[in-house]
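# A closer look at the structure
The chain contents come next:
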Amino acid sequence: MPENVRFHKRMVPSFFLSYKTSLGMIWTVGFILIFFWQRTAVDRLLAHRRLVHKHRTIPNLRAVVFNLSDFGGVGDGRTVNTMAFERAIEEIEKRGGGQLNVQPGHWLTAPFNLTSHMTLFLAQNAVILGVDDEKYWTLMPPLPSYGHGRECPGPRYGSLIHGQNLTDVVITGHNGTINGQGHTWWKKYRKHLLNHTRGPLVQLMWSSNIEISKITLRNSPFWTIHPYDCKNVTISKVTILAPPIGAPNTDGIDPDSCENMVIEDSYISVGDDGVAIKSGWDQYGIAYGQPSTNILIRNLIVHSPISAGVSIGSEMSGGVSNITVENLHVWNSRRGVRIKTSPGRGGYVKNITYRNLTFDNVRVGIVIKTDYNEHADEAYDLKAVPDIEDISFMGIHGQRVRVPVRIYGSREIPVRNVTFKDMSVGISYKKKRIFQCSFLQGRVIGSIFPTPCEDLDVYDEQGQLVKQSTSKHTL
């Protein structure tokens, strides 16, 4: 074979190898350049967003507007600003209403009171910090529908942000934060070092036309938002946070003897119930006689590893009625939705609608418990039993749920007129009895999964009886 032919054959593989190597190098360099260009572009975009947020203008929502710094407030996280808040709110009251802006910074304060016709506006990166020494927290009489402090007899601590007998109050912002610095409170509670019931983060009492929106609330010493005997309340687009473990009784939102209320479009991750509807405790709640009614809860995402997404009770002695819970997503929680009561509570739970619920990795999806025996004192009337009736569950779905339904009525407190429709819940537990019932009367409409308990009648979609209850419990 001629030498030049052999030479070209040897050169061809070398040429292609060199060509592939060159292409690989070009591709690698190009990829690196594109990567850094994208990274730089994203960094520029995020920097632009931070700049926009940093200089986000606070809107004037009232005719009279003040900044907290106008009254000597210092947002350094060390200066106590209680007097600045008090002076500002006093001036707003004199003017017949106004807006108080909390500018970016960390504003340490003891508890303070709001006034009517007022907007408290928390700017982006504004943080109201609660003083974590209980000696600075006001002591107040027990709630009249409770008779005692919820944890200790006698007085209770007031809330960080408080108001009584007010109207037209707005707490809003550009997602500023109210931080109760609850860690000290939780530690003292666990060690039994507190002589009085812990205070909520925000509590409004005997007030109307209330809005709480577009803020973050975190680390409350006790319940986070507690409207008490209020009317026309809207809580919207809030984020409520507390550690899921080690933050006892940090309920997210607790409507208590409230009427005409909306809770919507919010995220809650706390150490107790996400939402807990209440209306007084045993004989004190019965005597006070103010129900929670006409409450709409919608579009919530809730994480409650030790409790429930949305609860009713257990303090429900004034009655709870006309409640709608819809478009609720509960994830990584012990329970999805729960009604809890007991003999001695009295009152009623009726006309409750659950619609479009999703449970994701929840131990028990639906719970009704009638032996939640926790009482204010020994003077309760054991014969005062609640009525539980007219409850519907429609559009219930989920996955990784251990027990989808656990409804335990009793001979003293049967659960009546319960309806299930359009239910399909993926289970994570191989136990046979995963739809658990006793002393329950009601119906299933259409096909549901898992198979319902024998306490329920089964109807087809046209309303024709397919199978009658074979329960041995007489209601």
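The following paragraphs examine the structure supplied in this document. Everything numeric in this text was worked out from a predicted model, so none of it was measured.

Reading the values: the criteria
Residues numbered from 1 in each chain as written. Predicted model: local features only at pLDDT ≥ 70, side-chain atom pairs only at ≥ 80, totals over all residues. Heavy atoms only, no water. Salt bridge = Lys/Arg side-chain N within 4 Å of Asp/Glu carboxyl O. Buried < 20%, exposed > 50% of the residue type's maximum accessible area, 1.4 Å probe, protein only. Helix = DSSP H or I, 4+ residues; strand = E, 2+ residues; numbered from the N terminus. Disulfide = S-S within 2.5 Å. Contact = heavy atoms within 4.5 Å. Core = buried A, V, L, I, M, F, W, Y, C linked by side-chain atoms within 4.5 Å.

Attention now moves to the pattern of salt bridges. Should the charged atoms of two oppositely charged side chains come close, the side chains can pair. All told, the structure shown has 17 salt bridges when counted by the stated rule. Taking the shortest distance from any N to any O, the salt bridge between Glu91 and Arg95 comes out at 3.0 Å. Look at Glu91 and you get partly exposed, because its relative accessible area is 22%. A salt bridge links Glu315 to Arg150; its shortest N-O distance comes to 2.5 Å. One end of the pair, Glu315, is in the loop between strand E22 (308-313) and strand E23 (320-340); the other, Arg150, is in the loop between strand E8 (139-140) and strand E9 (156-157), and 165 residues separate them in sequence. Through salt bridges with shared partners, a single ionic network connects Arg150, Lys278, Glu315 and Glu374.

Scanning the model with the defined rule gives 1 disulfide in all. One disulfide in the model links Cys437 with Cys453; its S-S distance is 2.3 Å. Note on the Cys437 and Cys453 pair: the S-S dihedral is about -90°, so by sign convention the disulfide is left-handed. Highlighted residues: Cys437 in strand E27 (residues 435-438) and Cys453 in the loop between strand E28 (440-445) and strand E29 (456-459), separated in sequence by 16 residues. Of the two residues examined, Cys437 and Cys453, each falls in the buried class. Take Cys230: it sits in no disulfide, and the sulfur closest to it among the cysteines is that of Cys258, at 4.9 Å.

Before going further, it helps to spend a moment on the side chain of Arg335. Looking at the secondary structure, you find Arg335 in strand E23. Discounting chain neighbours no more than four positions away, the residues touching Arg335 are Ile306, Ser307, Ala308, Gly309, Val330, Val362, Val364, Gly365 and Val367.

Let us look at the nonpolar core. Residues Leu100, Leu114, Leu120, Ile161, Ile178, Tyr354 and Phe420 are the most contacted members of the largest nonpolar core, which totals 99 residues. Among the elements that make up this core, the one with the highest residue count is strand E24 (residues 348-369) (8 residues). One finds Leu143, Phe222, Trp223 and Ala376 within the second-largest nonpolar core, a separate group that totals 9 residues.

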